[in-house]
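Analysis of the macromolecular model
One letter stands for each residue in the lines below.
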Amino acid sequence: MTSARAGVVVVGGGQAGHSVVSALRGAGYDGPVIVLADEPHLPYQRPPLSKKAHTEPDGIRVDLVPESFYRERDIELRLGDGVTALDTAARTVVTGTGTRVPYEHLVLATGARNHQLPVPGAELDGVHALRSLDDALTIGQALTTARDVVVVGGGFIGLELAQVAAARGADVTVVELADRLLSRAVSPQLQEHLRARHERSGVRILTGTGVQAIEGAGRVERVVTGRGMLPADLVVYGIGAAPRDELARDAGLAVDDGVLVDEQLRSITDPRISAVGDCARHPHPHADGLVRLESVQNATDQGALVGRRIAGSPAPYRSLPWFWSDQGDIRLQIAGLRTATDEVRVVPSDTPEKLAAYAFRDDRLVAVETLNWPAEHLAARRLLEQETPVCSADLAGATLGALARARRKAEVRT
Ligand SMILES: Cc1cc2nc3c(=O)[nH]c(=O)nc-3n(C[C@H](O)[C@H](O)[C@H](O)COP(=O)(O)OP(=O)(O)OC[C@H]3O[C@@H](n4cnc5c(N)ncnc54)[C@H](O)[C@@H]3O)c2cc1C
C-alpha cells in the first residue's frame, strides 16, 4: 500500500500488539500499519512457555498466527529492532538502528520485564528467569539434566514451572518469601488448598523464607535460604514483573507503574498515544481505582478495543477480567477482580478435585476462583458480565452454572 499518511505504529510485537493490528484491519482501517518489535520472533503466546518443558531444538511453535497473516493484510512487521526513543512533538519514534518512524497514532504494547533476583550469585550459570521464547528454550534444555531444582517465587509462573520440573523427575523445592503461595493473586482459602495439592504431587514448599544467596563455582550448586541450604543444579525464579513504561516516561507521558491511560486506553497526556496490555494502567468498572493487569484476556481485549477505536468505533474498556494457570493437573481459573477485604465462600463440588471460591463485596459477587471446574468458571464469566448482580442468597445451595441456566430459562419465558 502506498500512502502519504503516517498511519499507526505499534511498539511491541506481543499478544497486545498483535491484537491491535488484527483489529485495525478487521475493522477496515486502510492506512499504513507498522509493528516495531525488539524480539526477532513473530508475535507469540507466552502462556505455553511455563506449562511444559520446551526441548525442541527447532524452537517452540507458539506463533499467534503465521507470517502470511501479516503479509496478506499489509501489516509491516519490523522484527529485532526495538524502539529507543519517542518524540511526541515530532510524532516520531526512533529505533535502535537509528531509523525514525513517523506516526499518526502510536500504540505502546511493550509488556513487562521480570524483576531481577537481588541476591549474590544470581548471575551464576544455571539461574534463569522466564519471560521470552528464548528463556523457555534455555530452561527446557536445562530441565533435561537437572536433578535438584529450586523455584524462587510461589506465583503462577513459579508453580507452573515447579510442576513441569517435577513431572520430569526432578526434586523440586519452591521458596516463597510470603507466608502463602500466590499471596496476592488468589484467596487465602485457595492458597491452602493449592499448597496441599502441590505437596501431594511431591513438590516441597517453603513459605515465609527468602533466598539469601546462590552459591557455586561458576555454576549453581546450592541455594542458601533462611531455613538452610538446598542443593540445586537449576534455579528458576519468578518474583514478579514491572511494566516496560520507560519510553513513555522519558517522553514526558504520565506514568505510574504503567502508562496512565483513560477509559479508552489513550495516554492521559497525549491522546494520539495509546497503551495496551501489561504496560498500561487503566480505569476499570470492576476495579477500585486504576489497575494494571497481566493476562492474555486483558492484552487481547485492550488491543482489539484500541484497534477498533482508531478504525472509527470508539468504546470504553469494560471487558470482564479473567485468567487461567495450569499447574500440573490443576487448572486454576479466575473471573472478575477480588480485593483483600472481599468476603470469600468456598464451595466444594461433587468431586474433591473441583472447587470454587466465590468473593462477595457488599453481598454482591465480584470474583470467582475455580480449580478444575471450567463450567463454573464460564458461568461466572457470563453472570459477572451481566448487569443483574448475583448476591449470596442466589447461591445458597446452588452453583453458578445452575443459576445461569435458571436465569436463561426465566429470560426465555418473559
Ligand atoms: C511465562 C509466562 C506465562 C504466562 N501464562 C499466562 C497464563 O497462563 N494466562 C494468562 O492469562 N496470562 C499468562 N501470562 C501473561 C501474558 O502472557 C501477558 O499478560 C501477555 O503476554 C501481555 O501481552 P503484552 O503484549 O502486553 O506483552 P508481551 O506479550 O510481553 O509483548 C510485549 C512485547 O514488546 C516488546 N518490547 C518491549 N519494549 C519494546 C521496545 N522499546 N521496542 C520494541 N519492542 C518492545 C517485548 O520484548 C515483547 O516482545 C504469562 C506470561 C509469561 C511470561
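Read on for an overview of the structure. (Residues numbered from 1 in each chain as written. Predicted model: local features only at pLDDT ≥ 70, side-chain atom pairs only at ≥ 80, totals over all residues. Heavy atoms only, no water.)

Let us look at the pattern of salt bridges. One pass over the full model with this rule turns up 25 salt bridges. One salt bridge in this structure joins Arg-338 and Glu-369, with 3.2 Å as the shortest N-O distance. Of this pair, Arg-338 sits in the loop between β23 (330–336) and β24 (343–348) while Glu-369 sits in strand β26 (residues 364–371), placing them 31 residues apart in sequence. Residue class for Glu-369 comes out buried when judged on its relative accessible area of 3%. (Salt bridge = Lys/Arg side-chain N within 4 Å of Asp/Glu carboxyl O. Helix = DSSP H or I, 4+ residues; strand = E, 2+ residues; numbered from the N terminus. Buried < 20%, exposed > 50% of the residue type's maximum accessible area, 1.4 Å probe, protein only.)

With 15 residues, helix α7 (residues 296–310) should cover 21 Å at 1.5 Å per step; its first-to-last C-alpha distance of 21 Å lies within 8% of that length. Those residues of α7 that fall on the buried side of the exposure criterion are Gln-297, Asn-298, Ala-299, Gln-302, Gly-303, Ala-304, Leu-305, Val-306, Gly-307, Arg-309 and Ile-310. Where α7 is buried, its residues contact β1 (8–11), α1 (15–26), β7 (105–108), β19 (273–275), β20 (280–283) and β22 (322–327). Among the residues trailing α7, Gly-312 stands out with phi positive, at a value near 120°. (Expected span 1.5 Å × (residues − 1). Contact = heavy atoms within 4.5 Å.)

Okay, the site of the ligand next. In the region of the ligand, 32 residues are neighbours, and Ala-16, Asp-38, Glu-39, Lys-51 and Asp-278 sit closest. Between Gln-15 and the ligand, the recorded distance is 3.2 Å, taken from a backbone N or O atom to an oxygen atom. Within the backbone of Val-296, one N or O atom sits 3.0 Å away from an oxygen atom of the ligand. Breaking the shell around the ligand down by element, the ones donating at least two residues are α1, β2 (33–37), α7 and β22. Of the residues in the shell around the ligand, the class split is 14 nonpolar, ten polar and eight charged. Built from parts of two domains, the shell around the ligand gets at least three residues from each of domain 1 (8–113 + 241–310) and domain 2 (116–237). (Near = heavy atom within 4 Å. Polar contact = N/O pair within 3.5 Å; in protein donor to acceptor, adjacent residues only side chain to side chain. Nonpolar A, V, L, I, M, F, W, Y, C, P; charged D, E, K, R; others polar. Domains from an automatic or database assignment.)

Here we take up the sheet that holds strand β4 (residues 83–87). One open sheet accounts for three strands, arranged β4-β5-β6; its pairing is antiparallel. Strands with a single pairing partner mark the edges of an open sheet, and in this sheet they are β4 and β6 (100–102). Averaged over all pairs of adjacent strands, the angle between their axes in this sheet comes to 25°, without regard to strand direction. Judged from the three bridges that link them, strand β5 (residues 92–95) and β6 form a sheet pairing that is antiparallel. Bridge pairing in β6 places Val-94 opposite Arg-100. (Pairing = 2+ DSSP bridges. Axes fitted to C-alpha atoms, helices over the stretch in contact; angles between N-to-C directions.)

To continue, consider the packing of aromatic side chains. In this structure the tally under the stated criterion is three aromatic pairs. Between Phe-156 and Phe-323, the aromatic rings sit 4.6 Å apart at their centres with planes inclined by 45°, giving tilted as the arrangement. Linking Phe-156 in helix α4 (residues 156–167) with Phe-323 in strand β22, this pair joins segments that are 167 residues apart in sequence. On the basis of relative accessibility, which here comes to 18%, the residue Phe-156 falls in the buried class. Geometrically, the ring pair formed by Trp-322 and Trp-324 is tilted, given 6.4 Å between the ring centres and 35° between the ring planes. Taking relative accessible area as the criterion, Trp-322 reaches 24% and is therefore assigned partly exposed. (Phe/Tyr/Trp six-rings, centres within 6.5 Å; stacked < 30°, edge-to-face > 60°.)

We now examine the layout of surface pockets. Taken as a whole, the second largest pocket holds about 340 Å³ of empty space. Considering the residues around the second largest pocket, the lining is formed by 18 residues, among which Pro-285, His-286, Arg-364, Leu-384 and Gln-386 are closest to the centre. Along the lines of polarity and charge, the residues of the lining of the second largest pocket split into nine nonpolar, three polar and six charged. Looking at which domains feed residues into the lining of the second largest pocket, each of domain 1 (8–113 + 241–310) and domain 3 (329–413) gives three or more. (1 Å grid on protein atoms, 1.4 Å probe; cavity = no way out; pocket = protein on both sides within 12 Å on 5 of 7 lines; lining within 4 Å. Points joined across faces, edges and corners; volume = space filled by probe spheres on them.)

Looking now at the environment of Ala-340. With respect to the helices, strands and loops of the structure, Ala-340 is situated in the loop between β23 and β24. Of the residues examined, Ala-340 reaches a relative accessible area of 78% and is grouped as exposed.

Turning next to the sheet that holds β23. Strand order across the open sheet formed by five strands is β22-β23-β26-β25-β24, with antiparallel pairing between neighbours. Every interior strand has two partners, whereas the edge strands, β22 and β24, have only one. Averaged over all pairs of adjacent strands, the angle between their axes in this sheet comes to 15°, without regard to strand direction. Inspection of the sheet shows β24 paired to strand β25 (residues 355–361) by six bridges, in the antiparallel sense. Its bridge partner being in β25, Pro-348 is matched across the sheet by Leu-355. Here α4 sits on the sheet and contacts β22 and β23; the angle it forms with β22, its principal contact strand, is near 30°.

Its location among the elements puts Ser-295 in the loop between β21 (290–291) and α7. On the basis of relative accessibility, which here comes to 12%, the residue Ser-295 falls in the buried class. Ignoring anything within four residues of it in the chain, the contact list for Ser-295 reads Asp-278, Trp-322 and Phe-323.

Turning our eyes to something else, we now look at the nonpolar core. The biggest cluster of nonpolar side chains holds 44 residues, and the ones touching the most others in it are Val-93, Leu-106 and Leu-108. Counting residues in each nonpolar core, the second largest holds 42 residues, with Ala-136, Ala-146, Val-149 and Leu-161 among its members. (Core = buried A, V, L, I, M, F, W, Y, C linked by side-chain atoms within 4.5 Å.)

This brings us to the packing of α1 against α7. Two numbers describe how α1 lies on α7: the axes approach to 7 Å, and their chain directions differ by 35°. Every pair of crossing elements has a handedness; the one defined by α1 and α7 is right-handed. Where α1 abuts α7, its residues Gln-15, Ala-16, Ser-19, Val-20, Ala-23 and Leu-24 lie against Val-296, Ala-299, Thr-300, Gly-303, Ala-304, Gly-307, Arg-308 and Ile-310. Across the contact of α1 with α7, the residue classes break down as eight nonpolar, five polar and one charged. (Left-handed = near helix turned anticlockwise from the far one by under 90°.)

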